[in-house]
Each structure stands twice: as structure tokens, then as C-alpha cells.
Amino acid sequence: MKRRSIRGIGIAVGLVALVGCSGGDDDGAASQTSGTQDSFVDDDTSGSSSAPGSDDEGTRGTTGEDTDPSADEGTTTGDEEDEAAAVCERWLSDRADMSEGEWSGNVAACDPGDISADGRANALRVMNLYRWLANLPPVETSAERNARAQACALLMHANGQLSHNPPAQWTCYSADGSQGAGNSNISPTPGVTAVDLYMADPGNPDTLGHRRWILSNSIGPTGLGSTSGYSCMWTLGGSGNAGAAWTAYPPPGVVPYEAMTASWSSVDANGWSLQSDTIPLAGAQVEVTRDGETLPMAVHHLIGGYGSAHAISMTPQGWQTTPGSTYHVSVTGLAEPIEYDVHIVSCSS
């Protein structure tokens, strides 16, 4: 069984409409963008800042080797226990402060203001926590993209709705806000809460675009803007070059159960995902087993251009992930099969 393991410690409402670019608004979730990326936010970068709270470069190491070829699914080795402890330590540490910060803007004056530094830092740290779990490098923000994402957040807040293509007649319309809206994941929640919502991605069954943008190879630098009730995360036009052949969520290795249930809608309810820029997944066939038992999954081929060229969702049918269980995922029908194990652990303190 091939799996990924950590080499060290380092260093997610009611019904929402998540929106992304060029795909229009999606019902029941945040809004995302297609074409180059999914958007809940806009993307423009200069004057970067890194994610606070991270003490490694942000990726979990990949061994590419079996940790214990003789071990059966569901058994726990000493290495897995160490990995679980390390993952939970990172998960709890990076989410110790989930405060949204203070917004200094004003709708009546059409002043976008800014979100206080702690709010933006917390959102970036949680975003990079999910990337770290998926073995992807962290992203930074830029001052320019932050400003446009902030103007986007004001625009959504002032009009009480989400749009990647806001009309010029909208209250507090601005060129920066419009550009931010067209390049971002956008959410009817403040910025920190929005990250968990994007990763669950309810209401976007044909794209899971918000999640795919956060886990994309190309994202970065990002821009993060937030009011007291709306937020934008710049995702398009990135210069990132993570180079992952494929990225799964939940990812290989130890995964906190809390990462599956961090938002009001669970990852199980909206589908696990597998995305790639280079591997066509049109013929993908998926088998998921737990303790040797095959678990039914509904496989759906997702629209390209939302954070990755190719992607599928895999939605549990009649079952849910449980802490202490290991799930073996086998994806065939490809030029080279993909296999990995997901070990779900509880990190609740």
C-alpha cells in the first residue's frame, strides 16, 4: 500500500452560495470561478506575506513506499501513531485562533476599509493548513490582491448577494471590486469561516471548484478580503508551480476527522475529490475498501478548469467516514492506477 507520511511537524451557516468565476453563481454554497480558477475571491498579488504559524515549508513528505507491506487495512503501526500525533498537533495549533478580526470599512460610505491583520493571518493559516494536509506548498498574499479582494468583499456585503460579474449599478461598485469578484472564491461568511466552507464546497456538485482552487498547483499569490459578513479569496491567475501529479481530498495519510466536518456541510456529503492537471480522469473507476469490505461510492466526473484540468468526485453512499478507520482508495481505468490510504483520526482535545 503506497501512502504519504510526515517527515516532521510544521508548521474550514445556513444555506450559502459559493461563487466562482466564469461559472456564474452556484446554488446552495459559495461562489467559484472556472476557466483558470474557481473563485470565492479575486486574485492579484504584490507585496507578499507568508502564513504565520508555520514552521516548515508547508508540505508533508512523500515516501512513495509502503510503511508496512505486511500490514492489513485498519491496523495501526508505531509510525502511524507518530504521524497521527504530528498531524493533530499541527491541526490544533493552526486552528487555535479562528477569530475573524475587525473590519474597518463602512457600507454607507462605500469604504472597503480592511480586515485587521489577525483576521487575514488566520484565514491564510487555515488555507495553508489544508494545503499542507494535501502535501502542497503554502501560498502567500500580496498587497494588491488583498486590496482587490477587500473591495470585492465590500461589494458583496453592500448588496447582500454574490456575483462574479457584478453590474455597474450595484451599490459600492468599483473596478477593483469587480476584478476581485471575477478572480475569487466568494462567500457570504467572513474570511476564516469561508475557508472551511470552501473545502466542504456544498452546492457545487459539478465542480467542487472552491476546494480545487485551494488545492491547485497554480494558486498564489492569493488575496484575502473580508467584512463582518462576506469575504473573497483571490484564486485565478496564479504563478504557483506546485507540480503535484495528482491531489486527493481527503488526502493520503493521516487526516483529522475534524477536517471532514469542519463546516456546516461535511466532505462526505459533498464528495471526496481527486484532481490532476496532467492525468485524464474520464475513464476513472474507483473502489474504496475498509477492512477488506468494498464501500459504495458514486463517482462523478467534474467540469475542467476549476483549479485543475481534470477531476472527479467520489461520494459515499450509505456510509460515512469514522475516526480510527483506514480507507484504501484504488482508481483504475487510467494509464497508471492510483492507490492510496486515508487514515481518519480524531484530533478533538
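Every chain is numbered independently, its residues counted from 1 as its sequence is written. In keeping with the predicted nature of the model, local features appear solely for residues at pLDDT of at least 70, side-chain atom pairs appear and are counted solely at 80 or more, and the whole-chain, interface and lining totals rest on all residues. The side-chain values count all of the structure's non-hydrogen atoms but skip hydrogen atoms and water molecules.

Visitor: How should the nonpolar core be read in this particular structure?
Guide: Across soluble globular proteins, nonpolar side chains show a tendency to be buried alongside one another. Residue types Ala, Val, Leu, Ile, Met, Phe, Trp, Tyr and Cys, when buried and joined through side-chain atoms within 4.5 Å, form a set referred to as a nonpolar core. Three exposure classes are used, based on accessible area relative to the maximum for each residue type with a 1.4 Å probe and protein chains only: buried under 20%, partly exposed in between, and exposed over 50%. Formed by 54 residues in total, the largest nonpolar core has its most connected members in Tyr130, Trp272 and Leu274. Considering every element that reaches this core, the biggest residue donor is helix α2 (residues 117-133), with eight residues. Whether two residues touch is decided by their heavy atoms; if any such pair falls within 4.5 Å, the residues are in contact. If we skip the residues at most four places from it in the chain, Leu274 touches Trp246, Thr247, Ala248, Leu281, His310, Ala311, Ile312, Met314, Val331 and Ile338. Counting residues in each nonpolar core, the second largest holds eleven residues, with Cys152, Ala153, Met156 and Ile186 among its members. By definition, any uninterrupted DSSP run of H or I lasting at least four residues is a helix, any uninterrupted run of E lasting at least two residues is a strand, and each is numbered from the N terminus.

Visitor: For this particular structure, what's the right way to read the pattern of salt bridges?
Guide: Working definition: two side chains of opposite charge can pair if their charged atoms are close together. Any Lys or Arg side-chain nitrogen found within 4 Å of a carboxyl oxygen on Asp or Glu counts as a salt bridge. Enumeration according to the criterion identifies five salt bridges in this entry. Between Asp196 and Arg95 there is a salt bridge, and its shortest N-O distance comes to 2.8 Å. Of this pair, Asp196 sits in helix α5 (residues 191-200) while Arg95 sits in the loop between α1 (78-94) and α2, placing them 101 residues apart in sequence. Residue Asp196 is classed as buried on the basis of its relative accessible area, which comes to 7%. For the salt bridge of Arg148 with Glu144, the shortest nitrogen-to-oxygen distance reads 2.7 Å. Linking Arg148 with Glu144, this pair stays in helix α3 (residues 143-159), spanning four residues, or about one helical turn. Classification of Arg148 as buried rests on a relative accessible area of 16%.

Visitor: Sorry, what's going on with the sheet that holds strand β10 (residues 272-276) here?
Guide: Strands belonging to one sheet form pairs held by backbone hydrogen bonds; the direction of such a pair is parallel or antiparallel. Strand pairing is defined by DSSP finding a minimum of two bridges between the two strands. Spatial ordering of the open sheet is given by β8-β10-β14-β13, a layout of four strands whose pairing is antiparallel. With one partner strand each, in any of the chains shown, β8 (247-249) and β13 (297-301) form the two edges of the open sheet. Strand-to-strand twist of the sheet, defined as the mean angle between neighbouring strand axes without regard to direction, takes the value 15°. Inspection of the sheet shows β13 paired to strand β14 (residues 310-316) by five bridges, in the antiparallel sense. Counted as the bridge partner of His300 is Ser313 from β14. An axis is simply a line fitted to the C-alpha atoms; with a helix, the fit covers only the stretch in contact. Between two such axes, the angle follows the N-to-C directions and lies from 0 to 180 degrees.

Visitor: Can you walk me through the sheet that holds strand β15 (residues 326-332) in this structure?
Guide: Strands sit in the order β9-β16-β15-β11-β12 across an open sheet of five strands; the sheet is mixed. In this open sheet, the two edge strands, each paired with only one partner strand, are β9 (253-256) and β12 (293-295). Taken pair by pair, the neighbouring strands of this sheet meet at an average axis angle of 35°, ignoring direction. Across four bridges, the pairing between β9 and strand β16 (residues 338-345) is parallel. Of the residues in β16, the one forming a bridge with Gly253 is Val342.

Visitor: What is the right way to look at the side chain of Ser184 in this model?
Guide: Mapped onto the elements, Ser184 comes out in strand β5 (residues 184-187). For the purposes of these results, a polar contact is taken to be a pair of N or O atoms within 3.5 Å, where, inside protein, one atom must be able to donate a hydrogen and its partner to accept one; residues adjacent in sequence count only when each atom of the pair is a side-chain atom. At a separation of 2.6 Å, a polar atom in the side chain of Ser184 contacts the main-chain carbonyl oxygen of Gly180.

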